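Structure at a glance
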Amino acid sequence: MNPLIITAALTGAEVTREQQPALPISPEEIGQAAFECARAGAAIVHVHARRADGSSTQEAAAYRAIIDAVRARCDLIVQVSTGGAVGMTAAERIAPVTLAPEMATLSLGSVNFGGDVFINHPADIEAFARAMAEQGVKPELEVFDAGMMATAQRLLKKGLVCTPAHFDFVLGVPGAMPGTAEALMYLRAQLPAGSSWTVAGIGAAQLTLGTLAIALGGHVRVGFEDNIHFRKGELATSNAQLVERIAAIGRLLDRPPATADEARAMLGLRRTAPN
Ligand code: KMH
Ligand code: ZN
């Protein structure tokens, strides 16, 4: 049996309350959403911090409040974002890693991102990888485009990322690789041996690529960061609703949801003392 690790990407940096009224923004709301997602079958929460006015921030104190709010309610793995929002400096973006969370994202290259450009300079990528290694933080390698697999290989070769690596294929961002089965299969074929992987399909691809990933032995990310709809023309009522559906598909395909501790063992995470 290969349990399914479900990541709930609860908030993101770009989605607004106007677009999705149930978007969790405050630490308390994010903690409550994490609790509901844990009950629905998630093992990891991928989190972004917002200020009270909804704007994005990478301040460590804001992430501290989120980690505390999640830990007060459930034992989910907290994965902080180092992508932050488009336009933030690298120095801003790396701040939450100083809290030594269990996991953090590590974006592997620059890419067009809707009407913006998401910049990840090679030197910054290496500095982020070093900071994570120093803090004992497991990186999730974010792949938006094909060339980023070569960057992953370079980081592994330089010893900046340990094996087995864990990848997230983010597919369907306008300007990056599309949310198609072909794109997923192409990236999967290039995984370094022994790697684990998850897929974050954007919009409607969240359901189709998530289901395909389950069948292929991968893992799945769902949540409002990537998709605000339950189906075409119908907003999801909560992040947990999206987790519930993918957990049900996992069970049908003999991939029951992993608990947080099962996911820790599968990903080789250190079990953190509450930090
Ligand atoms: N907000 C995007 C520009 C991550 O969390 O590491 C980047 C992002 C990736 O969300
Ligand atoms: Zn993110």
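One structure accompanies this document, and this report is about it. Fair warning: this is a prediction, and the values are worked out from it, not measured in the lab.

Examining the packing of aromatic side chains
Overall, the coordinates contain five aromatic pairs when judged by the stated rule. Each ring, one from Phe167 and one from Phe169, has its centre 6.3 Å from the other, and the planes form 35°; the classification is tilted. An identical accessibility class is assigned to Phe167 and Phe169; each is buried. These aromatic residues form a ring-pair network of at least three members: Phe113, Phe118 and Phe144. The residue whose ring lies beneath Arg245 is Phe230, and the NZ or CZ to ring-centre distance is 4.0 Å.

Let's talk about the coordination of the zinc ion (ligand 2)
All of the protein donors around the zinc ion (ligand 2) are His46 (NE2), His48 (NE2) and Glu225 (OE); their distances to the metal are 2.1 Å. Counting gaps between the donor residues of the zinc ion (ligand 2) yields the pattern H-x1-H-x176-E. Under the relative-accessibility criterion, His48 is labelled buried at 4%.

What about empty space enclosed by the protein?
Summed over all chains, the structure comprises two cavities of 30 Å³ or more. Volume-wise, the largest cavity comes out at about 50 Å³. Lining the largest cavity we find Gln206, Leu207, Val222, Asn227, Leu242, Arg245 and Ile246. Mapped by element, the contributors of at least two residues to the lining of the largest cavity are helix 7 (205–216) and helix 8 (239–252). Here the element with the most residues in the lining of the largest cavity is helix 8; it accounts for three residues.

Observations concerning the pairing of strand 2 (residues 44–47)
In strand 2, alternate side chains face the same way, and those of Ile44 and His46 on one face and Val45 and Val47 on the other are all buried. The pairing of strand 1 (residues 6–9) with strand 2 spans three bridges and is classified as parallel. Opposite Thr7, over in strand 2, you have Ile44 as the bridge partner. As a crossover connection, the stretch from strand 1 through helix 1 (residues 27–40) into strand 2 is right-handed.

Looking at the environment of Gln79
Relative to the elements of secondary structure, Gln79 occurs in strand 5 (residues 77–80). A relative accessible area of 0% places Gln79 in the buried class. The spacing of Gln79 and Ala260 is 181 residues in sequence and 12 Å in space, taken between C-alpha atoms.

Rules and cut-offs
- Residues numbered from 1 in each chain as written.
- Chains lettered and ligands numbered in written order.
- Predicted model: local features only at pLDDT ≥ 70, side-chain atom pairs only at ≥ 80, totals over all residues.
- Heavy atoms only, no water.
- Phe/Tyr/Trp six-rings, centres within 6.5 Å; stacked < 30°, edge-to-face > 60°.
- Buried < 20%, exposed > 50% of the residue type's maximum accessible area, 1.4 Å probe, protein only.
- Lys NZ or Arg CZ within 6 Å of the ring centre and 35° of its normal.
- Donors = N, O, S within 2.8 Å, 3.2 Å for Na, K, Ca; no water.
- 1 Å grid on protein atoms, 1.4 Å probe; cavity = no way out; pocket = protein on both sides within 12 Å on 5 of 7 lines; lining within 4 Å.
- Points joined across faces, edges and corners; volume = space filled by probe spheres on them.
- Helix = DSSP H or I, 4+ residues; strand = E, 2+ residues; numbered from the N terminus.
- Pairing = 2+ DSSP bridges.
- Right-handed = clockwise from strand over helix to strand, strands pointing away.

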